[in-house]
Amino acid sequence: MNREVTLPLIVDDRGTLQVSAADVSKLLRTVGGRWVRLVEAGEDGLDEDTVAALTIELAKLADRIDVACIAHSSGSAP
């Protein structure tokens, strides 16, 4: 199943971007990495399989953001 995700960009009243795509991508990867470290540390209440699946999905989304940005900056269609 392929689900598209649209992330609204936060701009100020002059149209200046307040959150870069690189920051969003990094945040997604960081969250996944922290979840994995919590599981590895034996944190109670975290299911290893669920954390792994969610971390993979966050990484895929981060990859899609990165690819879209590269395509945009190179003038190519994503």
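- In the nomenclature of an unreviewed UniProt entry, the protein corresponds to DUF6213 family protein from the organism Streptomyces atrovirens.

## Re the nonpolar core
1) Next: In this structure, Leu-28, Leu-58, Leu-61, Ala-62 and Ile-65 together form the largest nonpolar core, which totals five residues.
2) Next: In terms of residues, this core owes the most to one element, helix H2 (residues 48-74), which gives four residues.
3) Next: Not counting residues up to four positions away in its chain, the partners in contact with Leu-28 are Leu-58, Leu-61, Ala-62 and Ile-65.

## Section: the pattern of salt bridges
Pairs can form between side chains of opposite charge whenever their charged atoms are close.
1) Next: Here the structure, examined in full by the defined rule, presents three salt bridges.
2) Next: Residue Asp-63 pairs with Arg-29 through a salt bridge whose shortest N-O separation is 2.8 Å. Of this pair, Asp-63 sits in helix H2 while Arg-29 sits in helix H1 (residues 21-40), and the two are 34 residues apart along the sequence.
3) Next: Across the salt bridge formed by Glu-57 and Lys-60, the nearest N and O atoms sit 3.3 Å from each other. Here Lys-60 and Glu-57 lie together in helix H2, a separation of three residues that amounts to about one turn.
4) Next: One salt-bridge network, in which partners are shared between bridges, spans Arg-29, Asp-63 and Asp-66.

## Description of the side chain of Thr-55
1) Next: For Thr-55, the location among the structural elements is in helix H2.
2) Next: Here Thr-55 falls in the buried class, since its relative accessible area comes to 17%.

## Describing the environment of Glu-57
1) Next: Taking the relative accessible area as the measure of exposure, Glu-57 reaches 45% and is therefore partly exposed.
2) Next: Taking C-alpha positions, Glu-57 is 8.9 Å from Gly-32, a pair spaced 25 residues apart along the chain.

## Examining H2
1) Next: For H2, built from 27 residues, the straight-helix expectation of 39 Å at 1.5 Å per residue is met to within 8% by its first-to-last C-alpha distance of 39 Å.
2) Next: The inward-facing, buried residues of H2 contact H1.

Rules and cut-offs
Residues numbered from 1 in each chain as written. Predicted model: local features only at pLDDT ≥ 70, side-chain atom pairs only at ≥ 80, totals over all residues. Heavy atoms only, no water. Core = buried A, V, L, I, M, F, W, Y, C linked by side-chain atoms within 4.5 Å. Buried < 20%, exposed > 50% of the residue type's maximum accessible area, 1.4 Å probe, protein only. Helix = DSSP H or I, 4+ residues; strand = E, 2+ residues; numbered from the N terminus. Contact = heavy atoms within 4.5 Å. Salt bridge = Lys/Arg side-chain N within 4 Å of Asp/Glu carboxyl O. Expected span 1.5 Å × (residues − 1).

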